Every structure is written in C-alpha cells, then in structure tokens.
Amino acid sequence: MRKTWAIVRRELIAYFSSPLAYVVLAAFLLMQGYIFYLLVSFLNNPQTQAMTPLRLFFGGTIFFWLFLLFVVPVITMRLIAEERRSGTIEVLLTSPVTEAQVVVGKFAAAMLFYIALWLPTVLYVLVLMRHSEIDLGPVLAGYVGVLLLGFLFLAVGTFASTLTDNQLIAAIIAFAVMVALFSIGLVEQLIMSSGLKAVLGHMNLWTQMDDFAKGIVDTRHVVYQLSFGALFLFLAAKSLEVKKWR
Amino acid sequence: MIEVENLGKTYVKEPVVRDLSFFVPEGQVLGFLGPNGAGKTTVMRMLTAFLPPTTGRVVVAGVDLDEDPVALRRNVGYLPENVPLYPEMRVDEYLRFRADIEEVPRAEVRDRMDDVAERCMIGDVRRQVIGTLSKGFRQRVGLAGALIHQPPVLILDEPTVGLDPNQIIRVRELITELGRDHTVLLSTHILPEVEQVCERVFIIDRGRIVADGAPDALRTQLIGNPALAVELKGADGVATEALLGLPGVVAVSEREPGHFVVEHAPDADPREAVFGLAVERGWVLMALIPHRASLEDVFVRLTTREETVAEELAEEVSHA
C-alpha cells in the first residue's frame, strides 16, 4: 500500500509540475463553462421542452463525449510510455514493486487528476441551486456516471500507455479504443438481428450515461463499466510483465 | 554474494548471453569490461530481476532469482545505464520516493536520506529540481537512490559515461569508497576505470567471459612480459646484443634506428643496467620509458579475435 501510494504521489507531482495539466484543466473548464452557459440559455427559452440543464450537461450532448474522448488520452498517455522512454521503468521494476502495484498507482493518480478536473463543475450545481429548485438525486447519479466512465476510459488509457514508449502513439491507441467502446453502442441502431441488438444496447455508453443523468443508477451499467475497466487494468499489468520477456 | 550458473539469455533466437558462470565474493569490486553490445547490460538486468533469464540460475545475497525475484530486488541497488531519473521531481522528493518503494522503514527514511545525500555529496542540491542539475550531479543523485535501502550488492551500469574528467574522478572515488562495505559490480568500456577501481575484471565478448582476473594479472597473463622503450644516440650495431646481455632481459627489438623495445622478466628491473651500459659505452640515453601493456591492449586483443578463438578462451576461463 505504501509503495502504491508512493507511485500515486510521484505521479501527481509529475502532473502538476507540467504545463499540460494546467492547459487541460483550463481548457476543460472553459469548454464545460461554455456548454453549461449554452444549455442554460437554451432551456431558458420557453419554447423548448422541459428538461433540466444538468441532465443535458451529463452526457446529454455530444460536447460531453467529444471532450471526454480527447481529454482522457491526454491524461493517461504519459503514465507508463514516458517511464519506458526515459528508462525509469528499470528503476521502478528493480525495486520490490510488482507490475500490478505500478499499474494501480499510475491509474489511481490519473483518476485523482480526473476528479480534480470535474470538481469545479460542482459550482454549476451551486449556481443553479441559488436560482431554482434542484433535485440532488440525479445530480449525484450524474457524478457517479462521470466517475464510472472515467474509471473505464482511464483504464483503457493506462493500458494503451503500456504498449509503447511514445506518448503520442499511446494517446492515439487510447483514443481509438475509447471511440470503439463508445461507438459500439451507437451501432445498435444499424443492426437488425435482435439478439445482437440487445447485447449492443447494453453496451451503449451514451444511454448508460443518460440513465445516470436521469438519476437511475442501474447496477448493470455499474458492473459493465467497472468490469471492463478492471479488465483493461489487468491487461495493463500483464502487458508490463510481457514487455520484459521480449 | 553473487552466484551465477550457466546464465543465458536469448532474444528472438539470437543468443545475447551464453552460458555464463561466475562467483563474486562479498566485498569485491568487480568490473565488467566489453565492447558495446557484448551483453553487459543484459547480464546486469538479469542480476537485478528486471529481465528473466532464458537459462541458468542466479543467486544474489542468498536469494534465488527463480524463487523470489522481489526479495532479490531488495538486496540489490541498481543504477541503470544513462541514469534514468524523473526530471520534474526535486532531489529530496525523489529520494523519498525511492525510500518508499524500496521499503526503507518509515522511521529511518529521514536518516537514510541524510546519509546518502552526504555520501554522494548532493547535500547542496537537495531542494533543486532534478531536471536543472548537471550531469555529474544527476549521476550522484542516481547513485544516492540506489543506495537508499542499504543493499549489500550494488550494480552500476556505466556509471561514468558522459561526465567530464573531474566528475569522473569524483564518481570513481565514490565507487571505491562504496566498495568498502558493498559488493560492487560495475560495467564500463573505459579501461583505465577498471584498472583504478576494480579488484577483479571480467572481459565480456559476444555474451561470454573471455578473461577473468585481477587487472595486473590479466595484463601479464595475456600480454606477456613488461617492456622498456629505450632510445640511444650513438649506439652502433652491437647495441641489440649488448642490451640482450643485461640481467633479466629476455628480448630486444630495434623498431627504428636507435629505438629499442627491451622486454624483461616481470620481477626484474633492468633500467639501472641499461643506464650503466649507456655510460660504459659512451652512448647518450635519450629516453628510458617503462612500457606497460595496458588493459587496453588486452581488451583489443581479446575482443577482436575470431569467433572460434573467443569460444576457446571462454572455455579456458570456465575451466579455470
């Protein structure tokens, strides 16, 4: 535990000592703020149908997904690829630390950074609370959805980062796998076979996120995202082991 | 302290390390010498449980690599080639990180950090960001990191590469000092380094040990007798013969007129006799230089041989 925590701490130092972290934070907030403003003014128009801005905010629009798909690879690309490039992986894996501890530590740091990214959006909720009634249930469920999606996507990114010593390639692989996971649900509409359609329906991240935003915490979604995330973390640890045998 | 039996490593059918066996007793400073690509780094990576060997057995400080690689890592301090560090961290942050992952007991972390900082002479830069340090300081920070858990065995892969001459001298002094209470294995292709620092040398070529011994012993064993370079003015044709007649001299050759190479027995020193001879015959002694075959010569001879000769040599070493 202490060793994993040491890796988490080191990774956080790395995040916050590079300008990248601040660029990502600033861009993320700027985008989210702008989208939030758009949603609120859109819904202020009496002609639009009744909906809460926070429901749209959490995955209801393509902006949410676009940004998530771009930001996660940027967060994770450095994790292990950079250790491989600089050779520090050799120091790490000749100390009494296991591959699993390395992966978990790195991933946990990415998750903490991701949470830091979302933290300021709590302000939007507070702003809305000042001006109208807010049902906190769906808001909390929305954040649960954001965390679970983050878990899955960051695990994919961590895995991608073990595959290469080039950060850019790691980011591209992460992006491709995430887009595949995201679009597998969208393909649902194109499929005729009802069995396959049902399977893909369950894998549809957009509708899953929409459920969370509505306040539905469906355990099937939770299990799907956690288990796929865990699978990618497992693969990351294995890939780290296998790279040494080459 | 380090026991290696029939160690081998094959990358994609290409043998990089072949059937290596050796034993390093506690407290020895051992140099791995070899041209680039000889397999030095691969051997070191196997001894530190970074790479799993294809064949053979490794025991470091009583721990078998096969049985418990993580325990083996606890006994080894490793400084990889090119000293990989995290440039964004401060020196103290890095040392603390190393202490944490190397399982230094919490209560001792502070003391250990102070101790290695002092030994490696990095006390003045502990608050600095590693990326802003000079190469020499980074090397010492890397060493400090490798020492933090007081490992009985230190493995250093080319610890002086890229340093300026002053820094090289300092790092060498440090290694010599570390050799007093650690078993040290270092690799290098800088020959004077092993002569200065190591008690014992392995010359490695194409994944095999082609020579094993003390630097001095290797020199005489492989190069032959020591020699004097003698330059005489006014010497006539009889000089060669006259020099050969001196006690202890075993061979004389005249390289160019007036320039002689006088080979002598290792325990003899014919310099006085050469001087006396010159005085007696009325020759002017222009130069009298002991010509010690350097390890450089040994190295070049051993690593430029034909494949078959290298094989025979490796055979000889493993039988000895």
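Since this is a predicted model, take the numbers as computed values, not measurements.

1. Comments concerning the overall build of chain B
Thinking step 1. Secondary structure assignment for chain B yields 12 helices and 14 strands.
Thinking step 2. By its C-alpha atoms, chain B is 75 × 45 × 30 Å across when sized along the principal axes.
Thinking step 3. For chain B, buried positions account for 41% of its 320 residues.
Thinking step 4. Taking the contacts inside chain B whose residues are at least 6 apart along the sequence as the reference set, 68% of them involve residues at least 24 apart.

2. Examining the interface of chain B and chain A
Thinking step 1. If you look at the interface, chain B gives 23 residues, while chain A gives 21 residues.
Thinking step 2. Taken together, the elements giving at least two residues each to the side of chain B that touches chain A come down to helix 2 (69–74), strand 6 (76–79) and helix 3 (91–101) of chain B.
Thinking step 3. Taken together, the residues that form the side of chain B that touches chain A break down as 14 nonpolar, two polar and seven charged.

3. Remarks on the nonpolar core
The nonpolar side chains of a soluble globular protein tend to be buried, and buried together.
Thinking step 1. Of all hydrophobic cores here, the largest spans 130 residues; its most connected members are A:Leu154, A:Ala155, A:Val156, A:Ala174, B:Ala144, B:Ile155 and B:Val184.
Thinking step 2. Broken down by element, the residue count for this core peaks at 12 residues, all from helix 9 (residues 136–162) of chain A.
Thinking step 3. The contact partners of A:Ala155, leaving out residues within four places of it in the chain, are A:Phe107, A:Gly229, A:Phe232 and A:Leu233.

4. Regarding the sheet that holds strand 11 (residues 227–233) of chain B
By way of backbone hydrogen bonds, the strands of a sheet pair with one another, either parallel or antiparallel.
All names here are of chain B.
Thinking step 1. Strand order across the open sheet formed by four strands is 12-13-11-14, with antiparallel pairing between neighbours. Of all strands in the sheet, those with a lone pairing partner are strand 12 (249–256) and strand 14 (284–291), marking the two edges. Strand after strand, the sheet turns through a mean of 20° between neighbouring axes, direction not considered.
Thinking step 2. Across seven bridges, the pairing between strand 11 and strand 14 is antiparallel. In the strand pairing of strand 14, Glu-231 is matched with Ala-287.

5. Section: the pairing of strand 8 (residues 183–188) of chain B
Residues and elements named next belong to chain B.
Thinking step 1. Buried residues dominate strand 8, accounting for six of its six residues.
Thinking step 2. Residue alternation in strand 8 divides its side chains into two sets, Thr-183, Leu-185 and Ser-187 and Val-184, Leu-186 and Thr-188, and both sets are buried.
Thinking step 3. Two strands pair when backbone bridges link them, and strand 3 (residues 29–33) and strand 8 are joined in this way by five bridges, in the parallel orientation. Bridge pairing in strand 8 links Phe-32 to Ser-187.
Thinking step 4. As judged from the five bridges shared by strand 7 (residues 153–157) and strand 8, these two strands associate in the parallel manner. Within strand 8, the residue paired with Val-153 across the bridge is Thr-183.
Thinking step 5. After leaving strand 7, the chain enters helix 6 (residues 165–178) and then returns to the sheet as strand 8, a path that is right-handed.

6. Some words on the environment of B:Pro290
Residues and elements named next belong to chain B.
Thinking step 1. Counting through the fold element by element, Pro-290 comes out in strand 14.
Thinking step 2. Given 11 C-beta atoms within 10 Å, Pro-290 falls into the exposed group.
Thinking step 3. Spatially, the C-alpha atom of Pro-290 lies 50 Å from that of Ala-99, the residues being 191 residues apart in sequence.

7. Considering the packing of helix 2 (residues 19–44) of chain A against helix 4 (residues 62–76) of chain A
All names here are of chain A.
Thinking step 1. In the contact formed by helix 2 and helix 4, the axes pass within 11 Å of each other and the chain directions differ by 175°. The pairing of helix 2 with helix 4 is recorded here as roughly antiparallel in orientation. Contact residues: helix 2 offers Leu-20, Val-24, Phe-28, Met-31 and Ile-35, while helix 4 offers Phe-63, Phe-67, Val-71, Val-74 and Ile-75.
Thinking step 2. Residues belonging to the contact of helix 2 with helix 4 are distributed by class as follows: 10 nonpolar, no polar and no charged.

8. What about the domain arrangement of chain B?
Thinking step 1. Once the domains are mapped, chain B shows domain 1 (2–220 + 305–309) and domain 2 (225–291).
Thinking step 2. Here the C-alpha centre of domain 2 of chain B lies 44 Å away from the C-alpha centre of domain 1 of chain B.

9. Focus on the sheet that holds strand 8 of chain B
All names here are of chain B.
Thinking step 1. As summarised here, the arrangement of the six strands in space is 6-7-8-3-9-10, forming an open sheet in which the pairing is mixed. The sheet terminates laterally at strand 6 and strand 10 (208–213), the two strands that pair on one side only. On average, adjacent strands in this sheet sit at an angle of 15° to one another, irrespective of strand direction.
Thinking step 2. The pairing of strand 6 with strand 7 spans four bridges and is classified as parallel.

Rules used throughout
- Within each chain, residue numbers correspond to sequence positions counted from 1 in written order.
- Starting at A for chains and at 1 for ligands, labels are handed out in the order in which the entities are written.
- pLDDT decides what is reported in this predicted model: residues at 70 or higher carry local features, side-chain atom pairs at 80 or more are listed and counted, and totals for whole chains, interfaces and linings draw on all residues regardless.
- Here a strand is any run of E in DSSP of at least two residues, a helix any run of H or I of at least four, and the numbering for each starts at the N terminus.
- The burial label depends on the number of other C-beta atoms within 10 Å of a residue's C-beta. Counts of 20 or more mean buried, 12 or fewer mean exposed, and intermediate counts mean partly exposed, with C-beta atoms placed from the backbone.
- Residue pairs qualify as contacts under a 7 Å threshold applied to their C-beta atoms, which are placed from the backbone.
- Three classes are used, and their members are as follows: Ala, Val, Leu, Ile, Met, Phe, Trp, Tyr, Cys and Pro are nonpolar, Asp, Glu, Lys and Arg are charged, and the others, Gly among them, are polar.
- To count as a nonpolar core, a set of buried Ala, Val, Leu, Ile, Met, Phe, Trp, Tyr and Cys residues must be joined through C-beta atoms within 7 Å.
- For two strands to pair, DSSP has to find at least two bridges joining them.
- Where helices are involved, their axes are fitted lines through C-alpha atoms of the stretch in contact, as for all axes, and angles between N-to-C directions lie from 0 to 180°.
- Handedness of a crossover is defined as follows: orient the strands so they point away from the viewer, and if the path from the first strand over the helix to the second runs clockwise, the crossover is right-handed.
- Oblique is the label for every angle not falling under 35 degrees (roughly parallel), over 145 degrees (roughly antiparallel), or within 65 to 115 degrees (roughly perpendicular).
- Domain segmentation is taken from an automatic or database assignment of domains.

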